[in-house]
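Here are the chains, one letter per residue:
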Amino acid sequence: MPSIHVLNGPNLNLLGSREPAIYGSVTLAEIEAGLRARATALGVDLVFRQSNHEGDLVTWIQAAGAAGEPVILNAGAYTHTSIAIADAIKGSGARVIEVHLSNVHARESFRHKSFISPVAEGVILGFGPLSYDLALEALTSGAQRKKS
Ligand code: CA2
């Protein structure tokens, strides 16, 4: 069964506990459970991970790229800072859909910059947990990879 890697960056483990006005009240475990149910129905295996450490995300992206398996990536605040994550995507050839719970463009200007968007296949943001579901849909609907 093919695997889809769902990788979550720093502080996403705090979802549901603080800042509900921005991120809602759903926990990361609840996002995982909902996504797993959808994935099972679609016949795909999910590898769902979260780390507060940039290097973990780099390692996981490299591994997904080497395995030829796609990634749904919410890199959290590393989105706005991490050349290392962008390099891992580009260098490993990983197919990546960038997701965000919030509409980062409606927030502080430092969140408007993404180092990931230029190396991602697509970006889905602002739909809360549904952003993850839409990314899964994009990866499983037969949408063609855009060559860059
Ligand atoms: O909207 C998103 O999904 C973000 O990737 C979430 C990140 C933020 O830094 C990005 O700009 C946009 C933050 C992760 C969650 O942070 C929390 C902090 C406190 C309480 C709950 C979540």
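The paragraphs below set out a description of the structure included in this document. (Residues numbered from 1 in each chain as written. Predicted model: local features only at pLDDT ≥ 70, side-chain atom pairs only at ≥ 80, totals over all residues. Heavy atoms only, no water.)

## Quick word on a nonpolar patch on the surface
Together, Phe127, Leu130 and Leu134 give the surface a local cluster of nonpolar side chains, amounting to about 260 Å² of exposed area. Position of Leu134 relative to the elements: it lies in helix H5 (residues 130–140). Since its relative accessible area comes to 33%, Leu134 is described here as partly exposed. (Patch = residues over 30% accessible without salt bridge, like charges linked within 9 Å, V, L, I, M, F, W, Y side chains within 5 Å. Areas by Shrake-Rupley, 256 points an atom, 1.4 Å probe, with all protein chains shown as cover. Salt bridge = Lys/Arg side-chain N within 4 Å of Asp/Glu carboxyl O. Helix = DSSP H or I, 4+ residues; strand = E, 2+ residues; numbered from the N terminus. Buried < 20%, exposed > 50% of the residue type's maximum accessible area, 1.4 Å probe, protein only.)

## Points about the layout of surface pockets
Taken as a whole, the largest pocket spans an internal volume of roughly 420 Å³. Across the lining of the largest pocket, the residue classes break down as 9 nonpolar, 6 polar and 4 charged. (1 Å grid on protein atoms, 1.4 Å probe; cavity = no way out; pocket = protein on both sides within 12 Å on 5 of 7 lines; lining within 4 Å. Points joined across faces, edges and corners; volume = space filled by probe spheres on them. Nonpolar A, V, L, I, M, F, W, Y, C, P; charged D, E, K, R; others polar.)

## Some thoughts on the pattern of salt bridges
Inspection of the entire model under this criterion finds 5 salt bridges. With a shortest N-O distance of 3.0 Å, Arg36 and Glu32 are connected by a salt bridge. You can see Arg36 and its partner Glu32 sitting in helix H2 (residues 28–42), 4 residues apart, about one turn around the helix. Judged by relative accessible area, which is 32%, Arg36 ranks as partly exposed. Residue classification places Glu32 among the partly exposed residues on the basis of a relative accessible area of 23%. Between Arg111 and Glu108 there is a salt bridge, with its nearest N and O atoms 2.7 Å apart. What makes Arg111 buried here is its relative accessible area of 17%. If you follow the salt bridges from partner to partner, you end up with Arg107, Glu108 and Arg111 in one network.

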